[in-house]
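Chain by chain, the residues run as shown.
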Amino acid sequence: MIKAATMGDRLTGRIGDFGPLFEYTVKLVLLASFFELVLYRLLSRLGMHLSKMAATHPWITPTFTTLTAVGTWLLNIVAVLLFLSLIITMVNRGFGSEAGRLIRSAMASTLLLLLLTVAFLFVEPGMVGAVAYNGVALATLTLLATEYLVTHRDRAQRLLVATYYFGIAGWLYYQIVSTVYSLSGTLAAPPLVYEFHRAGEALMVLASMLVFVAYGQGLSLRTKNRRQRNRAILFWTTAGTIFTTLIFTDYWLELYDPALASAVRQASQGIGWIFQFGMGYTFYLPFALYIVGLLCWSYTVIKLLRMGRLAGYGIGLMFIAGYALMFSNLTLMVILGMMLLGLDRAKASAAELQPAADGTLLGSPEQLITKGA
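On a predicted model such as this, the values are computed, not experimentally measured, just so you know. (Residues numbered from 1 in each chain as written. Predicted model: local features only at pLDDT ≥ 70, side-chain atom pairs only at ≥ 80, totals over all residues. Heavy atoms only, no water.)

Caption draft 1: Focus on the side chain of H152. Mapped onto the elements, H152 comes out in the loop between α5 (126–151) and α6 (155–184). A polar side-chain atom of H152 sits 2.9 Å from the main-chain carbonyl oxygen of D344. Excluding residues within four positions of it along the chain, H152 makes contact with Q157, R158, L341, G342, D344 and R345. (Helix = DSSP H or I, 4+ residues; strand = E, 2+ residues; numbered from the N terminus. Polar contact = N/O pair within 3.5 Å; in protein donor to acceptor, adjacent residues only side chain to side chain. Contact = heavy atoms within 4.5 Å.)

Rendered as structure tokens:
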């Protein structure tokens, strides 16, 4: 009974359940990762896109140079915090009698990934190292996703993790197979690499929407709570307006002013270029789908963070990393996010703990002697 109660009390999905060191490290890594995404991976690309305007606007070059420098500094901070967070999370998940063989294998694979990351800081990885690194990353994600599917019973949550896993796997397959074919020197085209790449991006967009279904409930129009109903009306009205506007904007602008429509298309291509280099999305799908996914993800993460749920930190890191895991810190960000998402579990109910308690009491010699007397 003691073991059951301990597990029920610990696996509540609250960030404060694992001590202040774990709590503040995870909070810092999420915050630093977000600013690194904005300042380094997005704004630095925006500065490159505005290079032609720098001749007439002198403030552009020093401004974006400073932002890029700050983003590079944040990149190093994120890397250090990721290592610390992963080590602390591995200690919490990989040890103890409640840790099964699957999660221990995932922690061992994560440790190997960390060792490879450190080794490649001193030794140039090359193509062979890149294949090995991506292979270990794929194996680690497979173990973490499998462990999540085994320990979580909610269908929406399992669908979310499966969709996200196959999305990231599409990118890793693209990287591994393309590198292997380049390493072998063959002239044959790698099998289905571009199909897997595009399918992976589509699954990532779908996963950003499924985040709301799995963890963002609470916006039902049928609720009797007035505040929740007003919040639901505001959210769905905003989402519907944005989606409809983005879908028909090009058509409306073409009818109103073809020159303006052309200018808007060029601007959207520039935004797509920035996000492609920053997060790996090619935007071959309708732009409205990406915005809807961003809206669903943002609402869900903010809601979970306000509740102190580990799922909010995990989902936040998983999607901040983006689709194209070009740097090792982005890969580690996805691994840490999957770990935190796996730690978010429902607390064991009294009904689940009661049979264990009854069995312990009935099997106790002292109770049998008392009843016999």
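Caption draft 2: Here's a closer look at the pattern of salt bridges. The full count for this structure, using the stated rule, is 3 salt bridges. Between K27 and E23 there is a salt bridge, with its nearest N and O atoms 2.9 Å apart. One end of the pair, K27, and the other, E23, are both in helix α2 (residues 20–49), 4 residues apart, so they sit about a helical turn from each other. Judged by its relative accessible area of 17%, E23 is buried. (Salt bridge = Lys/Arg side-chain N within 4 Å of Asp/Glu carboxyl O. Buried < 20%, exposed > 50% of the residue type's maximum accessible area, 1.4 Å probe, protein only.)

Caption draft 3: Highlighting the environment of M209. Considering the arrangement of structural elements, one finds M209 in helix α7 (residues 193–215). Judged by relative accessible area, which is 22%, M209 ranks as partly exposed. The sequence separation of M209 and I291 amounts to 82 residues, and the corresponding C-alpha distance is 9.9 Å.

Caption draft 4: The arrangement of the nonpolar core in detail. Counting 75 residues, the largest nonpolar core has F22, Y164, Y215, I315 and F319 as its most contacted members. When residues of this core are assigned to their parent elements, the largest contribution, 11 residues, is made by helix α12 (residues 328–343). Not counting the four nearest positions on each side in its chain, Y215 is found in contact with Y148, Q157, L160, T300, K303, L304, R309, A311, I315, L341 and D344. Core analysis: the second largest hydrophobic core is formed by 5 residues, F212, F235, V292 and C296 among them. (Core = buried A, V, L, I, M, F, W, Y, C linked by side-chain atoms within 4.5 Å.)

Caption draft 5: Molecular detail of the packing of aromatic side chains. Applying the stated rule across the entire model yields 13 aromatic pairs. For the pair F212 and Y299, a centre-to-centre distance of 5.8 Å together with 55 degrees between the ring planes defines the contact as tilted. A residue pair is termed long-range when its members are at least 10 positions apart, and F212 in helix α7 and Y299 in helix α10 (residues 287–307) qualify at 87 residues. Its relative accessible area of 17% is what places Y299 among the buried residues. Counting every residue linked through ring pairs, the aromatic cluster contains W171, Y174, Y194, Y281, F283, Y290 and Y323. The cationic tip of R198 hangs over the ring face of Y284; the distance from NZ or CZ to the ring centre is 4.0 Å. (Phe/Tyr/Trp six-rings, centres within 6.5 Å; stacked < 30°, edge-to-face > 60°. Lys NZ or Arg CZ within 6 Å of the ring centre and 35° of its normal.)

Caption draft 6: Examining the packing of α10 against helix α11 (residues 310–320) more closely. Closest axis-to-axis distance for the α10/α11 pair is 7 Å, and the angle between their directions is 145 degrees. When you trace α10 past α11, the crossing you get is left-handed. Side by side, α10 and α11 meet where W297, V301, L304 and L305 of the first sit next to A311, G312, Y313, I315, G316, F319 and I320 of the second. Per-class residue counts for the contact of α10 with α11 are 9 nonpolar, 2 polar and no charged. (Axes fitted to C-alpha atoms, helices over the stretch in contact; angles between N-to-C directions. Left-handed = near helix turned anticlockwise from the far one by under 90°. Nonpolar A, V, L, I, M, F, W, Y, C, P; charged D, E, K, R; others polar.)

Caption draft 7: Spotlight on helix α4 (residues 101–122). Compared with an ideal rise of 1.5 Å per residue, which puts 22 residues at 32 Å, α4 spans 32 Å between its outermost C-alpha atoms and is within 8% of the ideal. When α4 is considered as a whole, its buried residues turn out to be I103, A106, M107, S109, T110, L113, L114, L116 and T117. (Expected span 1.5 Å × (residues − 1).)

Caption draft 8: Representation of the side chain of S85. Tracing the sequence through the fold places S85 in helix α3 (residues 60–94). There is a polar contact of 2.8 Å between the side chain of S85 and the backbone oxygen of L81. In this view, S85 contacts T25, V26, V29 and L336; residues no more than four positions away in its chain are not counted.

Caption draft 9: Fine view of unusual backbone geometry. Even without being a glycine, L192 presents a positive backbone phi close to 60 degrees. Residue L192 is classed as partly exposed on the basis of its relative accessible area of 48%. The backbone of F283 shows a phi angle near 60 degrees, a positive value even though the residue is not glycine. F283 sits in the buried class, given a relative accessible area of 18%.

Caption draft 10: Broad picture of the environment of G100. Tracing the chain through its elements places G100 in the loop between α3 and α4. Under the relative-accessibility criterion, G100 is labelled partly exposed at 36%. Residues G100 and E147, spaced 47 residues apart in sequence, show a C-alpha to C-alpha distance of 9.3 Å.

Caption draft 11: Geometry of the confidence of the model for the chain. When pLDDT is averaged along the chain, the result is 79, and 73% of the positions lie at 70 or above. Per-residue pLDDT, averaged within each element of the chain, yields its smallest value for helix α1 (residues 2–10) (37) and its largest for α11 (94). Low pLDDT, under 50, characterises residues 1–11; the stretch is placed with 17 contacts to residues that sit more than four places away or in other chains. Across residues 348–373, confidence stays below pLDDT 50; counting only partners more than four residues off in sequence or on other chains, it has 9 contacts. (pLDDT = per-residue confidence, 0-100.)

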